[in-house]
Amino acid sequence: MYMDMEAPAPPTVDPPPGEDAYFATLIAGLEEIAADELRERIPDATVLGAVRGRLFFSRSDPAREALNLLTIEHLHAYVDQFHGISSQRAGLECIEERMAEIDLDGAVRLHACLHPSPRRPSFRITAKRAGEHEYNSVEISAAAGAGVVQRYGWDVDLEEYDYDVRVYVKNDTALVGLRLSPEALSRRARILHTAASLNPTVAHAMCRISEPQESEVVLDPMCGAGTILIERNRLAGPGILLGGDLHANPVEIARKNLAAAELTCALVQWDARRLPLVRRSVDAVICNLPWGRRIGSHRANRHLYPAFVRELSRVLRPGGRAVLLTQEKRLLTRLVRGSDALTMMRQLSLSLSGMHPTIYVVTREDNT
Ligand SMILES: C[S@@+](CC[C@H](N)C(=O)[O-])C[C@H]1O[C@@H](n2cnc3c(N)ncnc32)[C@H](O)[C@@H]1O
């Protein structure tokens, strides 16, 4: 049996008359933030629903602008979904049969609105699987591909394809889409990476959650490659951005990345446990802390986190807020709850790089 625990089941997708359906794939946990971004940036789009890692919407005009959304990974034309796929090997025959019946014409039409149309199309299937099945995703790709060839006679080309047909199988249900984004929309922002560089879509979501205001002072005290600072600028302009890191190498990388983004920002090599900033001088802290895995260790975090949380309550102005991402959930929660100055407002659990970190939204009380 092949097992995979990430298991989103798609909702019923029923767009209003005259509208085409789409779905975006995104980092699981960001659905609500991505839906807000979609509503704000494409007001005439209709949000149809979401499950972990997918956002479904529709629109009457081709959703070209959705390729500019900053909290999603990929955009797809919604094709169809079918149910009743056996978890046994016979399920593969069912997938082939159903894919041979599936109508890709509408999705191809939407693709043609965004990309040049091929004269003799080639395609590949990208399959993902969640649940328990006696087959793997490569076998699903082969079965689904055979179905598409039966119906459309397109050439299979795994590298130089025109169409990437996506098949997401969850338990007995398959969701089928045609990818419209030429590459992952998260491939942006940085030219250089550090060991634990954050996915820019997550950095962008954290900046949105911080409810940015113009001209405010924003701090990332453990900035690594500078992803959060770059996304904050992309979202709301520079304001006054401050960033720093304990090590010279990430500070240098951040400097190059910020220069490439034509962004002016004060970058300092410092220790986030002793920030060279005056009391109550910062409006918002947005930070991806060391999770104690790729960067640091739990033992090191037991020293870092208490000192950092003390600094957080010192440098944040009353009413200021912090948006913090970490896998050290118990440690951070305990420290924030134990602080007189800080209040935990909101938590968002993500699935990221095979782990389940949480975004914490913390505010600084007015009266302490
Ligand atoms: C998870 S990474 C941040 C990654 C960053 N968001 C990015 O996209 O590249 C955490 C960073 O914290 C830094 N760090 C660890 N301890 C620190 C400390 N005491 N003061 C400042 N930075 C620290 C590490 O060097 C590392 O770059």
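Everything numeric in this text was worked out from a predicted model, so none of it was measured. (Residues numbered from 1 in each chain as written. Predicted model: local features only at pLDDT ≥ 70, side-chain atom pairs only at ≥ 80, totals over all residues.)

Caption draft 1: Local environment of the overall build of the protein chain. Summing up its helical and strand segments, the protein chain has 9 helices and 16 strands in all. Over its C-alpha atoms the protein chain spans a radius of gyration of 23 Å, differing by no more than 12% from the 21 Å that the globule rule assigns to 368 residues. Seen through its C-alpha atoms, the protein chain measures out along the principal axes to roughly 70 × 40 × 40 Å. With 368 residues in all, the protein chain has 45% of them scored as buried. A fraction of 74% describes how many contacts in the protein chain between residues 6 or more apart in sequence connect residues 24 or more apart. (Helix = DSSP H or I, 4+ residues; strand = E, 2+ residues; numbered from the N terminus. Rg over C-alpha atoms; globule rule 2.2 N^0.38 Å. Buried ≥ 20, exposed ≤ 12 C-beta atoms within 10 Å, placed from the backbone. Contact = placed C-beta atoms within 7 Å.)

Caption draft 2: Focus on the domain arrangement of the protein chain. For the protein chain, the domain assignment lists domain 1 (2-179) and domain 2 (200-364). Between the C-alpha centres of domain 1 and domain 2 the distance comes to 35 Å. For the side of domain 1 that touches domain 2, a count of residues per class yields 7 nonpolar, 2 polar and 3 charged. (Domains from an automatic or database assignment. Nonpolar A, V, L, I, M, F, W, Y, C, P; charged D, E, K, R; others polar.)

Caption draft 3: Quick look at the packing of helix H2 (residues 90-101) against helix H4 (residues 137-152). Where H2 meets H4, the closest approach of the two axes is 7 Å, and the angle between their N-to-C directions is 30°. By the angle class used here, H2 and H4 are roughly parallel. Relative to H4, H2 is oriented so that their crossing is right-handed. Taking contact as the criterion, the partners of Leu 92, Ile 95, Glu 96, Glu 97, Arg 98, Met 99 and Ala 100 in H2 are, on H4, Glu 139, Ile 140, Ala 143, Ala 144, Ala 146, Gly 147, Val 148, Gln 150 and Arg 151. (Axes fitted to C-alpha atoms, helices over the stretch in contact; angles between N-to-C directions. Parallel < 35°, antiparallel > 145°, perpendicular 65-115°, else oblique. Left-handed = near helix turned anticlockwise from the far one by under 90°.)

Caption draft 4: Up close: the packing of helix H8 (residues 298-315) against helix H9 (residues 329-337). Axis separation between H8 and H9 bottoms out at 10 Å; the angle between their running directions is 30°. By the angle between their axes, H8 is roughly parallel relative to H9. Both H8 and H9 take part in a crossing whose hand is right-handed. Contact residues: Asn 301, Arg 302, Tyr 305, Pro 306 and Val 309 in H8; Leu 331, Leu 332, Leu 335 and Val 336 in H9. The class makeup of the residues in the contact of H8 with H9 is 7 nonpolar, 1 polar and 1 charged.

Caption draft 5: Quick peek at the site of the ligand. Neighbouring residues of the ligand: 23 residues in total, closest Met 222, Gly 224, Ala 225, Thr 227 and Ala 272. Of the residues belonging to the shell around the ligand, the class tally is 13 nonpolar, 7 polar and 3 charged. (Near = placed C-beta within 6 Å.)

Caption draft 6: Local environment of the environment of Glu 73. You can see Glu 73 is positioned in the loop between strand E4 (54-59) and strand E5 (74-82). By C-beta crowding, Glu 73 is classed as partly exposed, having 19 other C-beta atoms within 10 Å. Residues Glu 73 and His 83, spaced 10 residues apart in sequence, show a C-alpha to C-alpha distance of 26 Å.

Caption draft 7: Layout of the nonpolar core. Of all hydrophobic cores here, the largest spans 103 residues; its most connected members are Tyr 22, Ala 34, Leu 55, Val 167 and Met 206. Viewed by domain, this core spans two of them, domain 1 (2-179) and domain 2 (200-364), each represented by three or more residues. The residues touching Val 167, leaving out its near neighbours within four places in the chain, are Ile 125, Ala 127, Ile 140, Ala 144, Ala 174 and Val 176. (Core = buried A, V, L, I, M, F, W, Y, C linked by C-beta atoms within 7 Å.)

Caption draft 8: Quick look at unusual backbone geometry. Although it is not a glycine, Asn 171 sits at a positive phi angle of roughly 50°. Within the secondary structure, Asn 171 sits in the loop between strand E8 (163-170) and strand E9 (173-179). For Asn 171, a count of 15 C-beta atoms within 10 Å corresponds to the partly exposed category. At Ser 353, a position not held by glycine, the phi torsion is positive, near 50°.

Caption draft 9: Just the confidence of the model for the protein chain, in detail. Averaged over every residue, the pLDDT of the protein chain is 93; residues scoring 70 or more account for 96%. Counting contacts from residues 1-7, a segment whose pLDDT is below 50, to residues more than four positions away or on other chains yields 18 contacts. (pLDDT = per-residue confidence, 0-100.)

Caption draft 10: Broad picture of H8. An ideal rise of 1.5 Å per residue puts 26 Å on 18 residues; H8 measures up with 25 Å between its terminal C-alpha atoms. Taking the largest bend as the criterion, H8 deviates by roughly 25°, centred on Leu 304, and proline Pro 306 comes between one and four positions later. The set of residues buried in H8 consists of Asn 301, Leu 304, Tyr 305, Phe 308, Val 309, Leu 312, Ser 313 and Val 315. Along its buried surface, H8 packs onto strand E10 (217-220), strand E13 (282-288), strand E14 (316-326), H9, strand E15 (342-349) and strand E16 (358-364). (Expected span 1.5 Å × (residues − 1). Bend = angle between axes of the 7 residues up to and from the residue.)

Caption draft 11: The arrangement of the environment of Val 309 in detail. When you line up the elements, Val 309 lands in helix H8. Looking at Val 309, the number of C-beta atoms within 10 Å reads 23, which means it is buried. Sequence-wise, Val 309 and Gly 237 are 72 residues apart; in three dimensions their C-alpha atoms are separated by 27 Å. Once residues lying within four places of it in the same chain are set aside, the contact partners of Val 309 are Leu 335, Val 336 and Ser 339.

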